[in-house]
Amino acid sequence: GAVVSQHPSRVICKSGTSVKIECRSLDFQATTMFWYRQFPKQSLMLMATSNEGSKATYEQGVEKDKFLINHASLTLSTLTVTSAHPEDSSFYICSARDLYLNTEAFFGQGTRLTVV
Amino acid sequence: GENVEQHPSTLSVQEGDSAVIKCTYSDSASNYFPWYKQELGKGPQLIIDIRSNVGEKKDQRIAVTLNKTAKHFSLHITETQPEDSAVYFCAASTDGNQFYFGTGTSLTVIP
């Protein structure tokens, strides 16, 4: 099946710094990418949806200036957590699909972010 | 927006028994219902899905049923094995756009 690669798998950063997480579709064109956040033993909460070449659509309550999403190509989307704080520590997961081929959504392996 | 509820939150079964997880959704526009298996520290993996024009779908030991009128869908795992132990999430989506996830079910298969 299709593969979505997410990098890094784990990252530790200091409070106040920014962290970038990459999500790549390896063998298909990701016209649409989704970013989720998951706290321990909880469900995935959709943060934003991005279509290639367009600005991301953020879910209610998600700060767009804090969680910067770039989807400049059909194979890469990035999520940058700016001015990170300990409460931003979480498991971030991307998923991607090809809207035109109406594929299922394929998930990356997730990124464990710890802000110290 | 869509609200997906999932029950039970935890489920323990003996190896070889069946496991059933149920979800309900609120948005009648939802027409795609995938089920995901998530192992610790990993992203979700799609195990089976169903679209609103179908009432049931089966893939070996896994089956999903959908009742559009009642807005609920269920995952059935038969002949469970220890490697089926994981957290399972249901989700609802309209045309594969925003996915709204259930709260998850932690399944433990006891050898």
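See the structure printed just above.
Residues numbered from 1 in each chain as written. Chains lettered and ligands numbered in written order. Predicted model: local features only at pLDDT ≥ 70, side-chain atom pairs only at ≥ 80, totals over all residues. Heavy atoms only, no water.

Here we take up the packing of aromatic side chains. On inspection of all chains with the given rule, the structure shows 14 aromatic pairs over all chains. Their ring planes at 75 degrees and their centres at 5.8 Å tell us that Phe34(A) and Phe99(B) sit as a pair that is edge-to-face. Of this pair, Phe34(A) sits in strand β4 (residues 32-38) while Phe99(B) sits in strand β10 (residues 99-101), each in a different chain. According to the relative accessible area criterion, Phe34(A) is buried, its value standing at 0%. On the accessibility criterion, Phe99(B) (1% relative accessible area) is buried. Put simply, the rings of Tyr36(A), Phe107(A), Tyr36(B), Phe89(B) and Phe101(B) pair up and form one aromatic cluster. (Phe/Tyr/Trp six-rings, centres within 6.5 Å; stacked < 30°, edge-to-face > 60°. Helix = DSSP H or I, 4+ residues; strand = E, 2+ residues; numbered from the N terminus. Buried < 20%, exposed > 50% of the residue type's maximum accessible area, 1.4 Å probe, protein only.)

This part is about the state of the cysteines. Residues and elements named next belong to chain B. Taken as a whole and judged by the stated rule, the model has 2 disulfides over all chains. Covalently, Cys23 is tied to Cys90 through a disulfide, its sulfur atoms 1.9 Å apart. Handedness here is read from the sign of the S-S torsion; for Cys23 and Cys90, about -100 degrees, the answer is left-handed. Taken as a pair, Cys23 in strand β3 (residues 19-25) and Cys90 in strand β9 (residues 86-93) lie far apart in primary sequence, 67 residues in all. (Disulfide = S-S within 2.5 Å.)

What follows deals with the environment of Val4(A). Summarising the element assignment, Val4(A) is placed in strand β1 (residues 4-7). Discounting chain neighbours no more than four positions away, the residues touching Val4(A) are Cys23(A), Arg24(A), Phe28(A), Cys94(A), Ala96(A), Phe106(A), Phe107(A), Gly108(A) and Gln109(A). (Contact = heavy atoms within 4.5 Å.)

Below, the discussion takes up unusual backbone geometry. If a residue is not glycine, its phi is most likely negative; likewise, a peptide bond is most likely trans. Following His7(A), the chain continues to Pro8(A) via a peptide bond in cis, the omega torsion being 0 degrees. Going from His7(B) to Pro8(B), the amide bond is cis rather than trans, its omega being -5 degrees. The phi angle at Lys41(A) is positive, at roughly 60 degrees, despite the residue not being glycine. When you line up the elements, Lys41(A) lands in the loop between β4 and β5 (44-51). Taking the relative accessible area as the measure of exposure, Lys41(A) reaches 88% and is therefore exposed.

Going through the model one piece at a time under the given rule, you end up with 6 salt bridges over all chains. Glu22(A) is paired through a salt bridge with Arg24(A); the nearest N and O atoms lie 3.5 Å apart. On the basis of relative accessible area, Arg24(A) is assigned to the partly exposed category, the value being 35%. Here the residues in one salt-bridge network are Lys37(B), Glu39(B) and Lys42(B), joined through shared partners. (Salt bridge = Lys/Arg side-chain N within 4 Å of Asp/Glu carboxyl O.)

Moving on: the interface of chain B and chain A. Taken together, the contacts link 19 residues of chain B with 19 residues of chain A. Between chain B and chain A lies a buried interface of about 1400 Å² when both sides are counted; carbon and sulfur atoms form 54% of it. In terms of surface lost to chain A, no three residues of chain B exceed Gln98(B), Phe99(B) and Phe101(B), which account for 29% of the buried area on that side. In this assembly, chain B and chain A are joined by 3 residue pairs in polar contact (both at pLDDT 80 or more). Residues belonging to the side of chain B that touches chain A are distributed by class as follows: 8 nonpolar, 8 polar and 3 charged. (Buried area = accessible area lost by both parts, 1.4 Å probe. Polar contact = N/O pair within 3.5 Å; in protein donor to acceptor, adjacent residues only side chain to side chain. Nonpolar A, V, L, I, M, F, W, Y, C, P; charged D, E, K, R; others polar.)

Residues and elements named next belong to chain A. Taking every second residue as pointing to the same face, the buried face of strand β11 (residues 111-115) carries Thr111, Leu113 and Val115, while none of Arg112 and Thr114 on the other face is buried. As paired strands, strand β2 (residues 10-13) and β11 are joined by 4 bridges and run parallel to one another. Among the inter-strand pairings, Cys13 is bridged to a residue of β11, identified as Val115. Here strand β9 (residues 90-97) pairs with β11 via 3 bridges, running antiparallel. Residue pairing for β11: Phe91 is matched across the bridge by Arg112. (Pairing = 2+ DSSP bridges.)

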